[in-house]
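Structure at a glance
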Amino acid sequence: MIGGKKYSMDLESANSILQNVLKENNKEPNTIPFNKLVQTNKVNTAYAKICRITSIVLLVAICVAPLFFGDRTFSVHKTGAFEGIIVADHQLYEDHFVMYLKGNNINYHDIYARKNDGTFIFPSEIDEEAGIVTFPYSGGGMIIFVPDAGGRIMQAVLSEQESR
């Protein structure tokens, strides 16, 4: 558009100008009918517009989609502060290992250990009131599993260090 007015030209004049430009630049003359060139350009322009509109619609749909799938009933329930299981102290003797545990809801009946070779070891003595758990010990390392009533498990690793 020039000066707010749409410029238009008849197909004969446009074809004549195209042929003159090609001739002046020492190019081969156009053999495709000019009306076919114009029609192809209109189809390509329409295809580009459709793709652009489709892309914009898909982008908006992707941005808005989480609003339809979110849980709108989100709430936080405070169940009290979690007080974890703590190994307050421990002692290693020649034939047994003693752990002193502190914490709420410790499930003393499901405490066990696994040696490095995969062997299970169960406590030889448990004093729930004092929080004392005693395992038989014959050397080597082991992982001790201490569950609570909520299903969480504390793991304590006993590893053997060489003295220097």
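Residues numbered from 1 in each chain as written. Predicted model: local features only at pLDDT ≥ 70, side-chain atom pairs only at ≥ 80, totals over all residues. Heavy atoms only, no water.

1. Remarks on the nonpolar core
Counting 18 residues, the largest nonpolar core has M99, L101, I111, F135, M142, I144 and V146 as the members making the most contacts within it. For this core, the secondary-structure elements that each account for two or more residues are β2 (96-102), β6 (132-136), β7 (142-147) and β8 (153-158). With near-sequence residues (within four places) excluded, I144 lies in contact with F97, M99, I111, Y112, A113, F135, M154, Q155 and A156. (Core = buried A, V, L, I, M, F, W, Y, C linked by side-chain atoms within 4.5 Å. Buried < 20%, exposed > 50% of the residue type's maximum accessible area, 1.4 Å probe, protein only. Helix = DSSP H or I, 4+ residues; strand = E, 2+ residues; numbered from the N terminus. Contact = heavy atoms within 4.5 Å.)

2. Considerations on the sheet that holds strand β5 (residues 125-127)
The strand order across the open sheet formed by four strands is β1-β2-β6-β5, and the pairing between neighbours is antiparallel. One side of each edge strand has no neighbouring strand; the edge strands of this open sheet are β1 (86-92) and β5. Pairwise comparison of adjacent strand axes, ignoring direction, gives a mean angle of 15° for this sheet. For β5 and β6, the ladder comprises three bridges, and the chain directions are antiparallel. Bridge pairing in β6 places I126 opposite V133. (Pairing = 2+ DSSP bridges. Axes fitted to C-alpha atoms, helices over the stretch in contact; angles between N-to-C directions.)

3. Some points on the confidence of the model for the protein
Interpreting fine coordinate detail is not advised for predicted regions of low pLDDT. On average, the protein scores 82 in pLDDT, and the residues at 70 or more come to 86%. Low pLDDT, under 50, characterises residues 74-81; the predicted model gives this stretch zero contacts beyond four residues in sequence or across chains. (pLDDT = per-residue confidence, 0-100.)

4. Here's the deal with a negative patch on the surface
Side chains of E125, D127, E128 and E129 sit close together on the surface and give a patch of like negative charge. Its location among the elements puts E125 in strand β5. (Patch = residues over 30% accessible without salt bridge, like charges linked within 9 Å, V, L, I, M, F, W, Y side chains within 5 Å. Areas by Shrake-Rupley, 256 points an atom, 1.4 Å probe, with all protein chains shown as cover. Salt bridge = Lys/Arg side-chain N within 4 Å of Asp/Glu carboxyl O. Lys, Arg positive; Asp, Glu negative; His and termini not counted. Charge placed at Lys NZ, Arg CZ, Asp CG, Glu CD.)

5. What about the pairing of β1?
Pairing of β1 with β2, which is carried by six bridges, proceeds in the antiparallel orientation. Looking across to β2, one finds that H90 is bridged to M99. The antiparallel hairpin formed by β1 and β2 contains three residues in its connecting segment.

6. Considerations on the packing of aromatic side chains
The relative placement of two aromatic rings is captured by the distance of their centres and the angle of their planes. Enumeration over the complete set of coordinates arrives at three aromatic pairs. The interplanar angle of 50° and the centroid separation of 5.8 Å between the aromatic rings of Y112 and F120 together place this pair among those described as tilted. Taken together, the ring pairs in this structure connect Y112, F120, F122 and F145 into an aromatic cluster. (Phe/Tyr/Trp six-rings, centres within 6.5 Å; stacked < 30°, edge-to-face > 60°.)

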